Amino acid sequence: MIERGDMLRAWHDHLVHARRRSPHTVRAYHATARRLLEALPDGQTWASLARLEAPALRDQLASRRADGIGNVSAARELSALKAFLAFAREQAGLADAAAPRVRGPRIKKGLPRPVTPDEAVNLAATVAEDAAEEWIAARDRAVLLLLYGAGLRIAEALGLPASVLPLGETLTVTGKGGRQRVVPILPIVRAAVDDYAAKVPYLLARDKPLFRGAKGGPLAQAMIQRAVARARTVLGLPPTATPHALRHSFATHLLGAGADLRSLQELLGHASLSSTQIYTKVDAATLLDVYRSAHPRA
């Protein structure tokens with residue numbers, strides 16, 4: 001018999017080292033596995049988990065539904081459950097065994113909602129103006145300009161080590177799945193990062209995070225998200241104007257300026273072109289809005 005904690009540690013290590021999942025995904029998938037093991041009788045083994053059938057997964061999803069999760073969260077929960085059971089089959093030497101067949105909820109895929117170039121710049125400026133200290137203002141502005149000016153995910157920006165300094169014309173970024181890509185750095189972005197580096201009161205050791213919290217530790221995503229939430233209220237922007245919306249805007253504006261999908265895929269770090277193709281719909285939606293507001297017969 002394997003202890004539950006040993007199973008969870010093995011699953012955690014697999015996600016981090018073998019699958020190279022993001023910290024957010026690791027936490028979510030680990031929590032899903034823990035909930036499943038807590039719901040099952042004690043004394044589970046990898047082999048018993050490998051033999052779980054569809055009703056057990058449906059019961060688990062029903063329990064989570066009772067907690068109030070929606071379709072998107074339920075779909076993610078099912079994906080995590082399937083991944084954990086696939087890992088159990090590997091551990092039990094039953095990798096070829098059939099996986100439980102459970103259909104996930106239908107999800108209507110919405111379009112990203114970009115902000116305009118002026119809104120992106122105003123958002124970064126307002127966040128900076130709201131900061132308690134000058135170096136924090138410089139920090140928040142630099143982070144947001146990396147999202148809009150280079151298309152970084154917020155986790156990618158906050159995960160940058162200080163060894164990237166001084167920034168050049170390009171930056172190598174490690175994204176989801178450990179995939180690396182090279183993104184161009186605009187002069188305004190480089191200047192913002194340099195300004196932050198000159199003002200931060202903490203030593204930026206090369207092996208430590210570039211962006212620091214108020215007490216010197218790694219900067220948390222929640223701090224940037226809260227700052228943006230306050231700024232968008234001041235500017236009268238919708239709730240969709242989030243840090244991630246700046247990355248959407250980067251993609252949408254490049255596509256509108258003539259960038260091809262393959263180049264955009266590389267710049268965004270998408271594993272497949274299908275993830276990038278949604279921006280063609282965004283651009284078409286933007287054009288339709290312009291048409292409807294400007295055409296006299298619309």
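Residues numbered from 1 in each chain as written. Predicted model: local features only at pLDDT ≥ 70, side-chain atom pairs only at ≥ 80, totals over all residues. Heavy atoms only, no water.

### Brief notes about the overall build of the protein
Cut-off, in case you're wondering: Starting at the N terminus, helices and strands are each numbered in turn, a helix being any DSSP run of H or I of at least four residues and a strand any DSSP run of E of at least two. Note on definitions: a residue-residue contact is assigned when non-hydrogen atoms from the two residues lie within 4.5 Å. Surface accessibility follows the Shrake-Rupley procedure with a 1.4 Å probe radius. Residue values consider only the protein chains on display as shielding.
Assigned secondary structure in the protein consists of 13 helices and 2 strands. Restricting the contact set of the protein to residue pairs at least 6 apart, pairs at least 24 apart contribute 63%. Summing over all exposed atoms, the protein offers an accessible surface of approximately 16500 Å²; the carbon and sulfur share of this is 52%.

### Regarding the environment of T45
Put simply, the test is: Here's how the labels work: a residue is buried when its accessible area is under 20% of the maximum for its type, exposed when over 50%, partly exposed in between, all with a 1.4 Å probe on protein chains only.
Along the chain, T45 turns up in the loop between α2 (23-39) and α3 (46-50). According to the relative accessible area criterion, T45 is partly exposed, its value standing at 27%. With 42 residues separating them along the chain, T45 and E3 place their C-alpha atoms 8.5 Å apart.

### Let's talk about the pairing of strand β1 (residues 170-174)
Threshold: Here, a strand pair is defined by DSSP locating no fewer than two bridges between the strands.
In β1, alternate side chains face the same way, and those of L171 and V173 are buried while those of T170, T172 and T174 on the opposite face are not. Across 5 bridges, β1 lies against strand β2 (residues 180-184) in antiparallel orientation. Following the sheet pairing, T170 is matched in β2 by P184. Between β1 and β2, which pair antiparallel and follow one another directly, the connecting turn spans 5 residues, one of which, G177, has a positive phi of 70°.

### Observations regarding the nonpolar core
One broad rule of soluble globular proteins: the nonpolar side chains tend to lie buried together. For the record, the criterion: Note on terminology: a nonpolar core comprises buried Ala, Val, Leu, Ile, Met, Phe, Trp, Tyr and Cys residues joined through side-chain atoms within 4.5 Å.
Grouped together as the largest cluster of nonpolar side chains are 45 residues, with contacts concentrated most on L146, L152, Y196, L210 and F211. Put simply, the parts of the chain that give this core at least two residues each are α6 (117-130), α7 (134-150), α8 (154-158), β1, α9 (187-199) and α10 (221-235). With 11 residues, α7 is the single largest residue contributor to this core. If near-sequence neighbours (up to four positions away) are discounted, L152 is found in contact with L146, L147, A157, L160, V173, R181, V183 and R247.

### A look at the packing of helix α4 (residues 54-66) against helix α5 (residues 71-91)
Any two packed helices are characterised by how steeply their axes cross, that is the angle between the axes, and by the distance between the axes. To be explicit about the condition: Fitting a line to C-alpha atoms yields each axis, with helices limited to the stretch in contact; the angle taken between N-to-C directions then spans 0 to 180 degrees. Take the far helix as the reference: if the near one is turned anticlockwise from it by less than a right angle, the crossing is left-handed, and if turned clockwise, right-handed. Ten residue types, Ala, Val, Leu, Ile, Met, Phe, Trp, Tyr, Cys and Pro, are classed as nonpolar, four, Asp, Glu, Lys and Arg, as charged, and the remainder, Gly among them, as polar.
Two numbers describe how α4 lies on α5: the axes approach to 10 Å, and their chain directions differ by 145°. For the element pair α4 and α5, the recorded crossing hand is right-handed. Of α5, the residues touching α4 (which contributes L57, Q60, L61, R64 and R65) are N71, A74, E77, L78, L81, K82 and L85. For the contact of α4 with α5, the per-class residue count stands at 6 nonpolar, 2 polar and 4 charged.

### Observations concerning the side chain of Q44
Filter applied, for reference: Residues adjacent in sequence count toward polar contacts only when both atoms are side-chain atoms; beyond that, a polar contact is any pair of N or O atoms within 3.5 Å, and within protein one must be able to donate a hydrogen and the other to accept it.
Position of Q44 relative to the elements: it lies in the loop between α2 and α3. Of the polar contacts made by the side chain of Q44, one reaches the backbone oxygen of P41; its length is 3.1 Å. Here the side chain of Q44 touches S48 through a polar contact of 2.8 Å, side chain to side chain.

### Some thoughts on the pattern of salt bridges
Going by this rule: Between Lys or Arg on one side and Asp or Glu on the other, a salt bridge is scored when a side-chain nitrogen of the former is within 4 Å of a carboxyl oxygen of the latter.
Summed over the entire model, instances satisfying the criterion amount to 12 salt bridges. Of the charged contacts in the structure, one is a salt bridge between E77 and R64, with a shortest N-O distance of 3.4 Å. Of the two residues, E77 sits in helix α5 while R64 sits in helix α4, which places them 13 residues apart along the sequence. The pair formed by E77 and R64 is uniform in burial state, with each residue classed as buried. Close ionic contact of E134 with K199 constitutes a salt bridge, the shortest N to O distance being 3.1 Å.

### Some thoughts on the packing of α6 against α7
The cut-off we apply is this: Orientation is classified from the angle alone, with under 35 degrees giving roughly parallel, over 145 giving roughly antiparallel, 65 to 115 giving roughly perpendicular, and any other angle giving oblique.
Contact pair α6 / α7: the axes reach a minimum separation of 7 Å and the direction vectors enclose 160°. Between α6 and α7, the interaxial angle falls into the category roughly antiparallel. Between α6 and α7 lies a crossing whose hand is right-handed. Across from P117, A120, L123, A124, V127 and A128 in α6, the residues of α7 making contact are A137, D140, R141, L144, L145 and Y148. Looking at the contact of α6 with α7, its residues break down into 10 nonpolar, no polar and 2 charged.

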